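Report on the structure
What follows is each chain in one-letter form.
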Amino acid sequence: AIASDYFSASRPYLLLGGGGQGMTAARAWSAGYRVVTNLAQLAAISTASTSPVCGMFGNGSMPYEYDGMAGLPHLSGMTARALALLENSAGGFFLLVEGGLIDHAAHANDLARCLPEVIELSSAVDTALAWANGRTDTLIMILADHETGGLHVVADNGVGVLPSVTWSTTGHTSTNVTIRAWGALAERLAGALDNTDVHAVPLADV
């Protein structure tokens with residue numbers, strides 16, 4: 001249903017990620033997207049291009065960082081390329097970057113695969129912050145929609161060694177999650193917010 005919305009209704013200018021669940025190259029082509037399937041093709045797209053782009057890297061979820069990317073782009077690399085392709089938009093832009101495999105690894109209580117995903121998401125945030133440095137027209141928000149797994153760190157085992165942890169579930173929990181914000185309107189995200197109220201902040205001055 002989400003794939004159908006992408007291609008026939010909301011039609012975002014840029015889609016980068018894995019495939020499957022209705023996301024196919026043929027469907028993207030028929031909807032008028034320029035389709036790229038590897039890192040080299042993504043890098044070759046001109047920043048002057050006005051054609052919508054769909055980067056479809058595989059036929060399912062992206063691989064875990066832990067297992068190797070096999071030549072596919074990292075989240076931070078996709079973030080950098082997305083910013084380069086969007087930054088000249090006359091009316092500005094909204095970019096959503098998701099470290100979705102953090103949730104998958106936490107559902108499996110797989111710390112070894114979860115942590116590299118968190119680190120790569122942090123690298124993507126650093127990429128966005130570096131791009132926005134010096135700007136006064138940009139809001140960057142870092143947040144989660146929920147906690148997964150009931151993760152609790154028991155002991156720090158030193159640099160390069162996984163910490164000792166416990167998990168309380170393989171599902172979602174009601175634990176509050178943090179939201180970090182930088183830039184224009186960031187002060188409106190201070191304190192406790194219901195997650196359904198967050199979206200109103202970047203739209204406040206639109």
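To be clear, the structure that these remarks concern was listed above.
Sequence order sets the numbering: in each chain, residues are counted from 1 along the sequence as written. Totals for whole chains, interfaces and linings use all residues, but because this is a predicted model, local features are given only for residues with pLDDT of at least 70 and pairs of side-chain atoms are given and counted only at 80 or more. The side-chain values count all of the structure's non-hydrogen atoms but skip hydrogen atoms and water molecules.

1. Remarks on the overall build of the protein
Looking only at helices and strands, one finds six helices and nine strands in the protein. Put simply, the radius of gyration uses C-alpha atoms, and a globule should come to 2.2 Å times the residue count raised to 0.38. Its C-alpha radius of gyration of 18 Å places the protein within 12% of the 17 Å reference for a compact globule of 206 residues. For the protein, the spread of C-alpha atoms along the three principal axes comes to 50 × 40 × 35 Å. Out of the 206 residues belonging to the protein, those deemed buried represent 30%. Throughout, a contact is declared for two residues whenever any of their heavy atoms are within 4.5 Å. By sequence separation, contacts in the protein at least 24 residues apart represent 58% of the contacts at least 6 residues apart. Each helix is a run of DSSP H or I of at least 4 residues and each strand a run of E of at least 2, with the numbering of both proceeding from the N terminus. Here's how the labels work: a residue is buried when its accessible area is under 20% of the maximum for its type, exposed when over 50%, partly exposed in between, all with a 1.4 Å probe on protein chains only.

2. Considering the environment of Tyr33
Inspection of the secondary structure puts Tyr33 in the loop between α2 (25-30) and β2 (34-36). When neighbours within four sequence positions are excluded, Tyr33 is seen to be in contact with Tyr6, Phe7, Arg11, Pro12, Tyr13, Leu15, Ala28, Pro52, Val53 and Cys54. A polar side-chain atom of Tyr33 sits 2.5 Å from the main-chain carbonyl oxygen of Pro12. The definition of a polar contact used here is a pair of N or O atoms within 3.5 Å, where within protein one atom must be able to donate a hydrogen and the other to accept one, and adjacent residues in sequence count solely through side-chain atom pairs.

3. Section: the nonpolar core
By nonpolar core is meant a set of buried Ala, Val, Leu, Ile, Met, Phe, Trp, Tyr and Cys residues that side-chain atoms within 4.5 Å join together. Ranked by size, the top nonpolar core spans 15 residues in total, and within it Leu14, Val36, Leu42, Ile45, Phe57, Met62 and Met78 carry the most contacts. Those residues within four positions of Val36 in sequence are excluded, and the remaining contacts are Gln41, Leu42, Ile45, Cys54, Gly55, Met56 and Phe57. Residues Leu15, Met23, Cys54 and Met56 belong to the second largest nonpolar core, which totals 10 residues.

4. Examining the packing of helix α4 (residues 75-86) against helix α6 (residues 111-132)
Remark: α4 packs on α6, axes separated minimally by 8 Å, with the N-to-C direction vectors making an angle of 25°. Judged on the interaxial angle alone, α6 and α4 are roughly parallel. For the element pair α4 and α6, the recorded crossing hand is right-handed. Where α4 abuts α6, its residues Leu75, Ser76, Thr79, Ala80 and Leu83 lie against Glu120, Leu121, Ser123, Ala124, Thr127, Ala128 and Trp131. Note that Gly is not counted as nonpolar here; it falls among the polar residues with everything else outside the nonpolar set of Ala, Val, Leu, Ile, Met, Phe, Trp, Tyr, Cys and Pro and the charged set of Asp, Glu, Lys and Arg. Within the contact of α4 with α6, the residues separate by chemical class into seven nonpolar, four polar and one charged. In this description, a line fitted to the C-alpha atoms serves as the axis of each element, helices being fitted only across the stretch in contact, and the angle between N-to-C directions of two axes falls anywhere from 0 to 180 degrees. Working definition: roughly parallel below 35 degrees, roughly antiparallel above 145 degrees, roughly perpendicular at 65 to 115 degrees, and oblique for all remaining angles. A crossing counts as left-handed when the near helix is turned anticlockwise from the far one by less than a right angle, and as right-handed when that turn is clockwise.

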